[in-house]
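Remarks on the overall topology
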Amino acid sequence: MQLNFTQILSVSLILFSIIDILGNIPIVINLRKKVGTIHSARATIVAGLIMVVFLFLGDKILGLFGIDIGSFAIAGALIMFLIGMEMVLGIELFKADEEEAKSSSIVPIAFPLIAGPGTMTTLISLRAEYELSNILVGIVVNLILIYVVLKSSSWLEKKIGHAGFNVIRKVFGIILLAISIKLFKNGIAF
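Note that the structure is a prediction, hence the values are computed from the model and not measured. (Residues numbered from 1 in each chain as written. Predicted model: local features only at pLDDT ≥ 70, side-chain atom pairs only at ≥ 80, totals over all residues. Heavy atoms only, no water.)

Helix packing for two helices is described by the angle between their axes and how far apart those axes are. In the contact formed by helix α2 (residues 25-35) and helix α9 (residues 153-189), the axes pass within 7 Å of each other and the chain directions differ by 115°. Classed by the angle they form, the pair α2 and α9 counts as roughly perpendicular. At the point where α2 passes α9, the crossing takes the left-handed sense. Contacts between α2 and α9 involve Ile-25, Pro-26, Ile-27, Val-28, Ile-29, Asn-30, Arg-32 and Lys-33 from the former and Ser-153, Ser-154, Leu-156, Glu-157, His-162, Phe-165, Ile-168, Arg-169, Phe-172 and Leu-176 from the latter. Classifying every residue of the contact of α2 with α9 gives 10 nonpolar, four polar and four charged. (Axes fitted to C-alpha atoms, helices over the stretch in contact; angles between N-to-C directions. Helix = DSSP H or I, 4+ residues; strand = E, 2+ residues; numbered from the N terminus. Parallel < 35°, antiparallel > 145°, perpendicular 65-115°, else oblique. Left-handed = near helix turned anticlockwise from the far one by under 90°. Contact = heavy atoms within 4.5 Å. Nonpolar A, V, L, I, M, F, W, Y, C, P; charged D, E, K, R; others polar.)

What follows is the structure, given as structure tokens:
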């Protein structure tokens, strides 16, 4: 196990851009408004567990169910597409009931926003290029950043304001739609 700062930095930046936690702030704020509270620590821990498990066993888990990475990416892309439609159109496709409110930190925050198909396929790809220990450190670096952003979402919402939040939500909704379409196209290419 040899830690390499350059590899850790590369992995951290790659995962940061794929996870795009800053771009997901409007989604987190929107979800918090729907269900009342977001459990930042729970979402971060579950996302971290999903990423680590998928790093070690991802291709085997998908193979066990006869699912290829492309199909997995398409399924995640469809969920992200629907969330993006909600943000852009101001409609509610996913109705939150009391039971869902308890798990709202898990779905859709931990999965598919943080540890979604893009992150999972990236982790499989990173194993081919980087040392496992450096990938694990990169995951931890990203989990720390994710926790900080999730924990400060209320503060960010106050600073942005209601009108600013609506504009940002629509802009990031369009970006989320574009990301979901890209994931869909990449899933078809697999």
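Alright, that's what it looks like, and here's the rest.
As a further point, take the packing of helix α4 (residues 69-89) against α9. Taken N-terminus to C-terminus, the directions of α4 and α9 make an angle of 160°; their axes are 8 Å apart at the nearest point. Comparing their axes, α9 and α4 come out roughly antiparallel. The two elements α4 and α9 cross, and the hand of that crossing is left-handed. Looking at side-chain class alone, the contact of α4 with α9 contains 19 nonpolar, five polar and two charged residues.

That is the geometry; function is a separate question.
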